[in-house]
Amino acid sequence: MAPSAIEKDSADEATASKALLELPEPTLARMTKAGINLSNGYPWCPVSKEPVYWQDRSKLRTEPWKYNDPAARADKSKSALLSAAAKVTDITTHIGTEIEGLQLKDLTDQQRDELALLIAERSVVVLREQDLSPQQQLELGRYYGVVDVHSTAPQVPGNPGAAVIWPSWGVQNLPAIFGFRKGFGSSFWHSDSSHEPQPPGYTHLHNDTAPSVGGDTLWASGYAAYEKLSPDFRKMIDGKLVAIRSYGTFVDKDNPGGAQKHIERVQPLVRVHPVTGWKTLFVSRAFTHRIIGLDKAESDLILNYLFDIFEKNLDIQVRIRWGNGTSVLWDNRSTIHNATWDYNGKQPRHGTLVLSFAEIPYFDPVAPTRREALGLLDNSEQEPAE
């Protein structure tokens, strides 16, 4: 059974923000065209009458449900999608592809499936100049999985699951985490909601308003990060489990006056993509807390090395510059990402984010790496002779 759309015990009523900020002009035009009711303010913010207890929040979405990845239905050639595009360009060797000449709202189901396969293989796909309403973005998200309705994130009024990414609003409401020395996103490589029992797979950020300079987002490939490791090191971490923490903390019902607690769940350190069948690292500096079964010093040493593999190897990263109407869809299972704050809020940036829950993460010892599956191995990647 799939999780319910709205978790009422963690967000039993909502208010719209009476922010003093005016919506950027492209955002206002998009919301108006989509028929979004802005009369009560923007964005819509879930609030609870009672404290959100750790015990209750930990129980949400814990019942397993079967996920059918739409990419598994796709024609491997992706001919319906690629033949309809004006141009398709790989941005880097290992990660990132840009498609020109297509509108996401007009894709057929066959093209949606093939787009999912392209995202699974290339990890990040960019489409610019998209005429896309929040409702259409949500509908695509529901096609790709069960949409995450976050219990505390600001959202588009009347459209739970279309989370609002508006840093200027964040500066006003969360000033402590913004600023040049504390730029939100800096040193914050992560995969979204990775602590969930069935974390998001296909993830879609549409920016209707972007700065003329700055505000880029970077992604790093988990496939390629795993491939950077020596064959013997891979054997050492294959099958290991990690504890992954939530970003937010919650009140402990048994100790309401004490320190709030993260939700923590166990996931495989290396997971396998259900469609490509390739192994990928599934860790991030922001949320991966420890390796199960190791002493803290051992765990910290290995995790920091793995984080550095992701963050310091520029050849397995892609940096995307946003423009008004840009959509980026990525596979949250095989990437981590990081937003830049170099524009310091001096120009508006506004977008809507839709995350689609996918399968329970799993590990398969016989699964290949991406480079192995594609016949790309060089001598340094070969298994040592017995």
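Before reading further, recall that the structure is shown in the block above.
Just so we're clear, the structure is a prediction, and the values are computed from it rather than from any experiment.

Student: Even after reading the chapter, I still don't get the packing of aromatic side chains, so can you show me in this structure?
Tutor: In this description, an aromatic ring pair is defined by two values, namely the gap between the centres and the angle between the planes. What the rule picks out here adds up to 11 aromatic pairs. With a centroid separation of 5.1 Å and 45° between ring planes, the pair formed by Y144 and Y202 is classed as tilted. Taken together, the residues Y144 in helix α5 (residues 134–144) and Y202 in strand β8 (residues 200–209) connect sequence positions 58 residues apart. In this structure Y202 comes out as buried when scored by relative accessible area, which is 3%. The lysine or arginine in question, R112, covers the ring of Y143, its NZ or CZ lying 5.0 Å from the ring centre. The ring of F282 is capped by R271, whose NZ or CZ atom sits 4.6 Å from the centre of that ring.

Student: Help me out: how do you make sense of the nonpolar core in this one?
Tutor: What tends to happen in soluble globular proteins is that the nonpolar side chains get buried as a cluster. With 27 residues, the main nonpolar core has I99, L104, L115 and Y202 as its most contacted residues. Ranked by the residues each element gives to this core, the list is headed by helix α4 (residues 109–122), at six residues. The contacts of L115, once residues within four sequence positions are left out, are L81, I99, L104, L107, V125 and Y144.

Student: Honestly, the pattern of salt bridges in this entry has me stumped. Any pointers?
Tutor: Pairs can form between side chains of opposite charge once their charged atoms are near each other. In this structure the tally under the stated criterion is 27 salt bridges. For the salt bridge of D56 with K253, the shortest nitrogen-to-oxygen distance reads 3.3 Å. Pair noted here: D56 is in helix α2 (residues 54–57) and K253 is in the loop between β10 (241–250) and β11 (261–268), with a separation of 197 residues, a long-range link. Of the charged contacts, one joins E264 and R290 as a salt bridge, the two residues approaching to 2.6 Å between their closest N and O atoms.

Student: How should I be thinking about unusual backbone geometry in this particular structure?
Tutor: Between Y42 and the following residue, P43, the backbone shows a cis peptide bond with an omega angle of -5°. In this model, K78 sits at a positive phi of 55°, which is unusual for a non-glycine residue. Note that K78 resides in the loop between α2 and α3 (79–84). Despite not being glycine, S123 shows a phi value in the positive range, around 75°.

Student: Explain α5 to me, please; I cannot follow it from the model alone.
Tutor: Every α-helix carries 3.6 residues per turn, so stepping three or four residues along brings you back to the same face. Three or more residues of α5 are buried, namely P134, Q137, L138, L140, G141 and Y144. Across the axial projection of α5, the buried residues extend over an arc of 160°, all falling on one side.

Student: Would you take a moment to explain the side chain of T217 for this structure?
Tutor: Following the sequence through the fold, T217 ends up in strand β9 (residues 217–221). On the accessibility criterion, T217 (4% relative accessible area) is buried. If we ignore the near neighbours within four places in the chain, the residues touching T217 are V318, R319, I320, W322, H337, N338, A339 and R349.

Student: Please clarify how α4 should be interpreted in this entry.
Tutor: An ideal rise of 1.5 Å per residue puts 20 Å on 14 residues; α4 measures up with 20 Å between its terminal C-alpha atoms. Among the 14 residues in α4, 11 count as buried, and that is most of the element. Listed in full, the buried residues belonging to α4 are Q111, R112, D113, E114, L115, A116, L117, L118, I119, A120 and R122. Downstream of α4 by one or two residues, S123 has phi in the positive range, about 75°.

Student: What am I meant to see in the sheet that holds β11 here?
Tutor: Consider a sheet: its strands pair through backbone hydrogen bonds, and that pairing is either parallel or antiparallel. Read from one edge of the open sheet, three strands run β11-β10-β14, paired in antiparallel fashion. What marks the edges here is a single partner per strand, and that holds for β11 and β14 (288–291). Going across the sheet, the axis of each strand differs from the next one's by a mean of 30°, ignoring polarity. Sheet analysis places β10 next to β11, joined by seven bridges and oriented antiparallel. Each residue of the ladder has a partner; that of L241, found in β11, is P268.

Student: Please clarify how the pairing of strand β4 (residues 97–100) should be interpreted in this entry.
Tutor: A regular strand places its side chains so that they alternate between the two faces of the sheet. Bridge count for strand β3 (residues 87–90) against β4 is four bridges, and the pairing is antiparallel. Looking at β4, one finds that T89 is bridged to E98. In this antiparallel pair of consecutive strands, β3 and β4, the connection spans six residues, and G96 shows a positive phi of 100°. In this structure, β4 lies alongside strand β5 (residues 124–127), joined through three bridges in parallel fashion. Paired with E98 across the two strands is V126, which belongs to β5. Crossover β4 to β5 through α4 is right-handed.

What counts and how
Residues numbered from 1 in each chain as written. Predicted model: local features only at pLDDT ≥ 70, side-chain atom pairs only at ≥ 80, totals over all residues. Heavy atoms only, no water. Phe/Tyr/Trp six-rings, centres within 6.5 Å; stacked < 30°, edge-to-face > 60°. Helix = DSSP H or I, 4+ residues; strand = E, 2+ residues; numbered from the N terminus. Buried < 20%, exposed > 50% of the residue type's maximum accessible area, 1.4 Å probe, protein only. Lys NZ or Arg CZ within 6 Å of the ring centre and 35° of its normal. Core = buried A, V, L, I, M, F, W, Y, C linked by side-chain atoms within 4.5 Å. Contact = heavy atoms within 4.5 Å. Salt bridge = Lys/Arg side-chain N within 4 Å of Asp/Glu carboxyl O. Arc of directions from axis to C-beta. Expected span 1.5 Å × (residues − 1). Pairing = 2+ DSSP bridges. Axes fitted to C-alpha atoms, helices over the stretch in contact; angles between N-to-C directions. Right-handed = clockwise from strand over helix to strand, strands pointing away.

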